Amino acid sequence: MAPSVTEAERSLLARLDPAPIVELAAELIARPSENPGGTEAATVAVLADACRAAGLTVETADAAPGRPNLVATLPGTADGGTLLFLGHSDVVPAGTAGWTGDPFTARVIDGRLTGRGAADMKGGLAAIVAALGALAQTEVGGRVEFVCTADEEAGGLGARTYVAARGAADDVVGCIVAEPTGLRAVHAGRGTANIDIAVTGKAAHSGRPADGCSAIAVAGQILSVIADDGARLTRHPHRDLGPATWNVGTIAGGQGINVVAADCRLGVDRRLLPDERIAAVADELRERIDAAGIPHGATVAVTVDSETPAFSTPLDHPLTVAASAALASLGLDPTPCVWSAACDAGFLHRDLGVASIVLGPGDINAQAHQADESVPVDELLTAARLYALIAHRLLSPAPDRR
């Protein structure tokens, strides 16, 4: 153990063992909570029992019928602020292709726990519970709150419900999101939004195209507007995350080659920078489309389908500093980095002003959302140690850390 770990911290970390973490992660994997599907309740029931066994107070509240959020609390012994841990109970559909076994029967092979959600993020949930169980056996000056949301993989319903219910977060010193980062501390990440653009034109015989108005041709104008705006965005990058971006991922329209297209639809991804709001972005896009000169007879509807906000936490924020120091203490890379994915941290940043980092076991790029999804068992244990160490250092008075 690195010299920077104190005797009190050594005692805390010695309470952590990989076997219960793997066991809980396997139990969570065995409760399919695929999204779409609204089947998170069984996973949350297992998680709630584990939290109570760890000494936490547990409350659940539905974000939608049968789709509960969980809030588990370790009260602490003094008014030292609140540290949040955040995760989600839903997983993407397992599908059938590529799996070498039942996606919902967890198995350990060559030191890796395999199953849907192992990396994203039931392994991370199990690591949080283990860390809080260890903290429950010591004196912590502040309060720890573990939030597990529903619907992270789709619309963020659980996170939006939680932030609306919480209302204020003046007591929160920061939030650690246990998404898979390969045990790197991510201090900033872009958000994402899906926008549907529906173009309605007028059908006509292709021999007399002037009698109609081609929705596909109008969509082509819109593609040019989006490309021009994308070029504008590159000139205004965020200091850590680079520029916001547009991507037109789908296009569909028309009914036949010999008919002027009466309809066309674009599915657009917009990556967001911190403090951007998609409603304002969509309004600006509508204005740019109108300014491009849409032909008479065509209408364009721009609709926001979903939004996950961005987040950015300063490198000198106490949460970022504590995470980096804990990583260094355990012999890991302490350098904060940025993320290409989006997560529920954005809702806490935007709606509650909570500083967040993402730090968890597993590889989001190589494992999440893929067949035979897996996470190294040793990373599950290390994640739990990191969570316990960060919480102890942030919430305990200095004499308690000697």
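Residues numbered from 1 in each chain as written. Predicted model: local features only at pLDDT ≥ 70, side-chain atom pairs only at ≥ 80, totals over all residues. Heavy atoms only, no water.

## Structural notes on the side chain of threonine 82
Here's step 1: Its place among the elements puts threonine 82 in strand 3 (residues 82-88).
Here's step 2: Among the polar contacts listed, one links the side chain of threonine 82 to the side chain of arginine 143, at a separation of 3.5 Å.
Here's step 3: Apart from the residues within four sequence positions on either side, threonine 82 is in contact with Arg143, Glu145, Arg166, Asp171, Val172, Val173 and Gly174. (Helix = DSSP H or I, 4+ residues; strand = E, 2+ residues; numbered from the N terminus. Polar contact = N/O pair within 3.5 Å; in protein donor to acceptor, adjacent residues only side chain to side chain. Contact = heavy atoms within 4.5 Å.)

## Points about the packing of helix 4 (residues 118-135) against helix 10 (residues 377-395)
Here's step 1: Contact pair helix 4 / helix 10: the axes reach a minimum separation of 8 Å and the direction vectors enclose 45°. Compared by their axis directions, helix 4 and helix 10 come out oblique. You can see that helix 4 and helix 10 cross each other, and the crossing is right-handed. Every residue of helix 10 that contacts helix 4 at Gly123, Gly124, Ala127, Ile128, Ala130, Ala131 and Leu135 is listed here: Leu380, Ala383, Ala384, Tyr387, Ala388, Ala391 and His392.
Here's step 2: Looking at the contact of helix 4 with helix 10, its residues break down into 11 nonpolar, 3 polar and no charged. (Axes fitted to C-alpha atoms, helices over the stretch in contact; angles between N-to-C directions. Parallel < 35°, antiparallel > 145°, perpendicular 65-115°, else oblique. Left-handed = near helix turned anticlockwise from the far one by under 90°. Nonpolar A, V, L, I, M, F, W, Y, C, P; charged D, E, K, R; others polar.)

## Details of the sheet that holds strand 12 (residues 299-308)
Sheet strands associate in pairs through backbone hydrogen bonding, adopting either a parallel or an antiparallel arrangement.
Here's step 1: Read across the open sheet, the 4 strands follow the order 10-11-9-12; overall the sheet is antiparallel. If you trace the sheet from one side to the other, it starts and ends with strand 10 (245-253) and strand 12, each paired once. On average, each strand axis in the sheet is inclined to that of its neighbour by 20°, with strand direction left out of account.
Here's step 2: Examined bridge by bridge, strand 10 and strand 11 (residues 263-272) share 8 bridges and lie antiparallel to one another. Note on strand 11: the bridge partner recorded for asparagine 247 is aspartate 269. (Pairing = 2+ DSSP bridges.)

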